[in-house]
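Structural description and commentary
Each chain, letter by letter, is given below.
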Amino acid sequence: MGRRGPKPSFVDVPCPNKDCEDYGKIDNENILGNGTYKTKNGIVHKYICKTCSKTFTSRANTILHDLRTDEATVFLALKMILKGMNLRSTAEILEVKLDTVRRWLKISAMHSEEVNKILMKNLDVDKVELDELWTFVKKKRIREWTANQKMKDGFG
């Protein structure tokens, strides 16, 4: 029990420790609140797992874990890169180092791989749907190729 009373229990927060028996499980009442701290982006909650005794924050296993930059800046940088802006220009506009933007991109890429593993695991798609999708992609590529040829020939 803490100085101010018992620590609150959180049932909607899973343990992020992959070696824990209760990893990823919610409603186990194994997660206790362990304080908060303030960042540029607001309050971050700290937790402790009763099962494995590991401490973690509400940002554990996210792209914002251990980042000191304002989250709006990080997401803006990722949007700029997604829209085709190069890394050097993104860093210049946001007034951050190029290595910082590279690190944000690397972290987000690792997390997107994890998301893809989860989302693409049990896809129940029949052959007709895949055929329709491939036809759509193929038509789009042909249109793009035709438009590029017209531009090269001066008919654009």
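These remarks concern the structure in this document. (Residues numbered from 1 in each chain as written. Predicted model: local features only at pLDDT ≥ 70, side-chain atom pairs only at ≥ 80, totals over all residues. Heavy atoms only, no water.)

It is worth spelling out the packing of helix H1 (residues 71-82) against helix H2 (residues 87-94) at this point. Relative orientation of the contacting elements H1 and H2 amounts to 145 degrees, with a least axis distance of 10 Å. In the crossing of H1 with H2, the sense of the turn from one axis to the other is right-handed. Along the contact surface, H1 presents Thr-73, Leu-76, Ala-77, Met-80 and Ile-81, while H2 presents Leu-87, Thr-90, Ile-93 and Leu-94. Class assignment for the residues of the contact of H1 with H2 results in seven nonpolar, two polar and no charged. (Axes fitted to C-alpha atoms, helices over the stretch in contact; angles between N-to-C directions. Helix = DSSP H or I, 4+ residues; strand = E, 2+ residues; numbered from the N terminus. Left-handed = near helix turned anticlockwise from the far one by under 90°. Contact = heavy atoms within 4.5 Å. Nonpolar A, V, L, I, M, F, W, Y, C, P; charged D, E, K, R; others polar.)

Taken as a whole, this structure holds one salt bridge when the rule is applied. Asp-99 is the salt-bridge partner of Arg-102, the closest N and O atoms lying 3.2 Å from each other. Here Arg-102 and its partner Asp-99 are both found in helix H3 (residues 98-119), three residues apart, which amounts to about one turn of the helix. With relative accessibility at 42%, the residue Arg-102 sits in the partly exposed group. Relative accessible area serves as the criterion here: at 55%, Asp-99 is assigned to the exposed category. (Salt bridge = Lys/Arg side-chain N within 4 Å of Asp/Glu carboxyl O. Buried < 20%, exposed > 50% of the residue type's maximum accessible area, 1.4 Å probe, protein only.)

Let us look at H2. Along an α-helix, residues three or four positions apart point the same way, because every turn accommodates 3.6 residues. Residues of H2 that are buried: Thr-90, Ala-91 and Leu-94. Buried residues in H2, looked at end-on, bunch into an arc of 95 degrees, giving them a common side. Exposed residues on H2 whose side chains face more than 90 degrees from its buried face are Arg-88, Glu-92 and Ile-93. A side-chain oxygen of the first residue of H2 lies 3.3 Å from the backbone nitrogen of Arg-88; this N-cap is Asn-86. At the C-terminal side of H2, Glu-95 shows a positive phi close to 55 degrees. (Arc of directions from axis to C-beta. Polar contact = N/O pair within 3.5 Å; in protein donor to acceptor, adjacent residues only side chain to side chain.)

The next thing to look at is the nonpolar core. Residues Ile-63, Leu-67, Val-74, Val-101 and Trp-104 are the most contacted members of the largest nonpolar core, which totals 14 residues. Sorting the residues of this core by element identifies H1, H2 and H3 as the ones contributing at least two each. A total of five residues in this core trace back to one element, the largest contributor, which is H1. Grouped together as the second largest cluster of nonpolar side chains are eight residues, Cys-15, Tyr-47, Cys-49 and Phe-56 included. (Core = buried A, V, L, I, M, F, W, Y, C linked by side-chain atoms within 4.5 Å.)

Okay, the pairing of strand E2 (residues 31-39) next. Note that E2 and strand E3 (residues 42-49) share seven bridges and pair antiparallel. Counted as the bridge partner of Gly-33 is Tyr-47 from E3. (Pairing = 2+ DSSP bridges.)

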